[in-house]
Structure formats: structure tokens, C-alpha cells
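# Observations on chain architecture
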Amino acid sequence: MKQALTLLNTLIIGFAAIVWTGTGESSDPVLADREMPAAIASTCALTQAGDSGVCHESSFDRRWVAKTVQGDLFIVTNEHCTGSDCRAWLVEKTEAAATTLLSFDATFRLRGDKGGYPVIESYTGMSATEGAYSRYEWTGKAYDRTASRLVYNVDGVECGTREECRHAAGEAIAQKQVDRAVRIWENVGGVSWI
């Protein structure tokens with residue numbers, strides 16, 4: 001009886017492992033170099049550095065994000081890209097091919113998901129004092145931008161939207177931080193002080 005239970009437990013665990021990983025799939029999904037969508041692989045030719053050596057080596061970081069009904073999602077970034085012009089791509093790898101679903105700025109956060117497709121919030125720095133957050137959500141067929149908001153930075157610290165910055169300036173005055181309040185008014189409101 002004990003041997004029968006041990007055999008039954010082994011069969012149940014084995015069956016669960018096969019179901020968990022899927023037929024012919026490993027439990028650790030991978031996006032290989034040869035599977036990289038052409039639009040992403042060709043971005044090395046567009047880099048400002050003009051270093052052709054970058055194009056000949058694998059310079060893409062791939063991070064598995066989620067399992068979808070069609071396949072697996074990966075975030076792809078260029079390891080050699082630095083600065084504010086870097087891009088990230090959301091790639092879905094199916095049995096047929098790997099497809100780029102969305103290209104966005106490489107400063108981003110992933111939020112909850114809809115059927116495995118995460119909400120993506122990316123940040124684009126537009127100047128030393130302005131930036132924008134964009135929110136992308138899965139609609140069932142593609143990603144759409146569902147929100148965008150302009151934010152301001154003062155002395156390297158984000159104070160938020162124009163209204164939030166006005167509020168931050170008021171709080172700075174209440175805390176007797178007049179210099180900070182003046183810098184917020186100058187950078188966000190365009191008020192010039194002599």
C-alpha cells in the first residue's frame with residue numbers, strides 16, 4: 001500500500017510538472033538572439049555612438065515578464081544605451097514568432113495586468129525641469145496610451161504637475177524654506193525674481 005501511494009504521489013507530481021511547464025516548454029522562458037524582432041535588432045545601426053562593434057555583439061537584456069494566452073512577454077533593453085534617449089520594447093514570443101507590442105522610454109514601471117499584459121508607465125525627460133509620464137494599457141489587441149501627464153523637476157527633485165508644484169511651494173513657505181519656494185515659482189511658473 002505504501003509503495004502504491006509513493007508511486008501515485010510521484011505520478012501526480014510528474015503530471016503537475018508537465019502541466020505547469022507546458023508541453024515541450026521549459027519553466028524558464030527565453031528569447032534567443034535569432035528570435036529577436038528585426039525592428040529591435042536593427043536599432044544598433046541607429047545609435048548615436050556610431051560604433052559598428054555594438055551591432056555585432058549581443059547587447060540586449062531580456063527579462064521575462066508574464067505568460068499570456070498566446071505565449072510569453074519579455075521586456076527588452078539595450079545594455080549599451082545610456083542617457084535619456086534609451087528605449088525599451090515589450091515583446092510577445094508565440095509559437096509562430098516574436099512580435100514587438102510596444103516601444104517606450106527605458107525609464108518605466110510595470111503595474112498590474114490584464115490577462116498577463118502589464119500596464120506600463122514610462123517617463124520621458126524633456127528638459128532639466130520638465131518630464132512626462134505616459135500610461136499604456138492592453139486593449140485586447142494592442143497597447144494604447146491611456147494617460148499622459150506633464151511633471152516638473154526643481155533642483156533634481158520632482159514636485160509633480162503645475163498644481164502640485166504650487167502646493168509644494170506653499171508648503172515650503174509654511175516651513176520657512178523661502179529659497180525652495182522661489183526656485184519652484186521660477187522653474188514652474190516662469191516667475192522671475194530680482
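Just above sits the structure.
Below: a short report on this structure. Everything numeric here is computed off the predicted structure, so don't read it as measured data. (Residues numbered from 1 in each chain as written. Predicted model: local features only at pLDDT ≥ 70, side-chain atom pairs only at ≥ 80, totals over all residues. Heavy atoms only, no water.)

In this section: the packing of aromatic side chains. If you walk through the whole model with that rule in mind, you get five aromatic pairs. With a centroid separation of 5.2 Å and 85° between ring planes, the pair formed by phenylalanine 104 and phenylalanine 108 is classed as edge-to-face. (Phe/Tyr/Trp six-rings, centres within 6.5 Å; stacked < 30°, edge-to-face > 60°.)

Here the focus is helix α5 (residues 178-189). Residue pairs three or four apart in sequence face the same way in an α-helix, which turns once every 3.6 residues. An ideal rise of 1.5 Å per residue puts 16 Å on twelve residues; α5 measures up with 15 Å between its terminal C-alpha atoms. Among all positions of α5, only Ala181, Val182, Ile184 and Val188 are buried. What you see down the axis of α5 is that its buried residues fit within an arc of 160°, all on one side. (Helix = DSSP H or I, 4+ residues; strand = E, 2+ residues; numbered from the N terminus. Expected span 1.5 Å × (residues − 1). Buried < 20%, exposed > 50% of the residue type's maximum accessible area, 1.4 Å probe, protein only. Arc of directions from axis to C-beta.)

On to helix α4 (residues 162-174), then. Taking 1.5 Å of rise per residue, 13 residues should cover 18 Å, and α4 covers 19 Å from first to last C-alpha, within 8% of that figure. All of the buried residues along α4 are Cys165, Ala169 and Ala172. Projected down its long axis, α4 shows its buried positions confined to an angular sector of 60°, all on one face. Across α4 from its buried face, at more than 90 degrees, point the exposed residues Glu163, His167 and Ala174. Two residues or fewer past α4, lysine 176 is found with a positive phi of approximately 60°.

Among the nonpolar cores identified, the biggest contains twelve residues, and these are Ala66, Leu73, Ile75, Ala88, Leu90, Leu102, Phe104, Tyr117, Ile120, Tyr136, Trp138 and Tyr143. The set of elements that each furnish at least two residues to this core consists of β2 (71-78), β3 (87-94), β4 (98-105), β6 (117-125) and β7 (130-138). Apart from residues no more than four positions distant in its own chain, isoleucine 120 is found in contact with Leu90, Leu102, Phe104, Phe108, Arg109, Leu110, Ser134, Arg135, Tyr136 and Tyr143. (Core = buried A, V, L, I, M, F, W, Y, C linked by side-chain atoms within 4.5 Å. Contact = heavy atoms within 4.5 Å.)

Within the open sheet, the four strands sit side by side as β1-β2-β3-β4. Their pairing is antiparallel. The sheet is open, and its two edges are formed by β1 (60-67) and β4, each paired on a single side. Going across the sheet, the axis of each strand differs from the next one's by a mean of 25°, ignoring polarity. Pairing between β3 and β4: seven bridges, direction antiparallel. Among the inter-strand pairings, valine 91 is bridged to a residue of β4, identified as threonine 100. (Pairing = 2+ DSSP bridges. Axes fitted to C-alpha atoms, helices over the stretch in contact; angles between N-to-C directions.)

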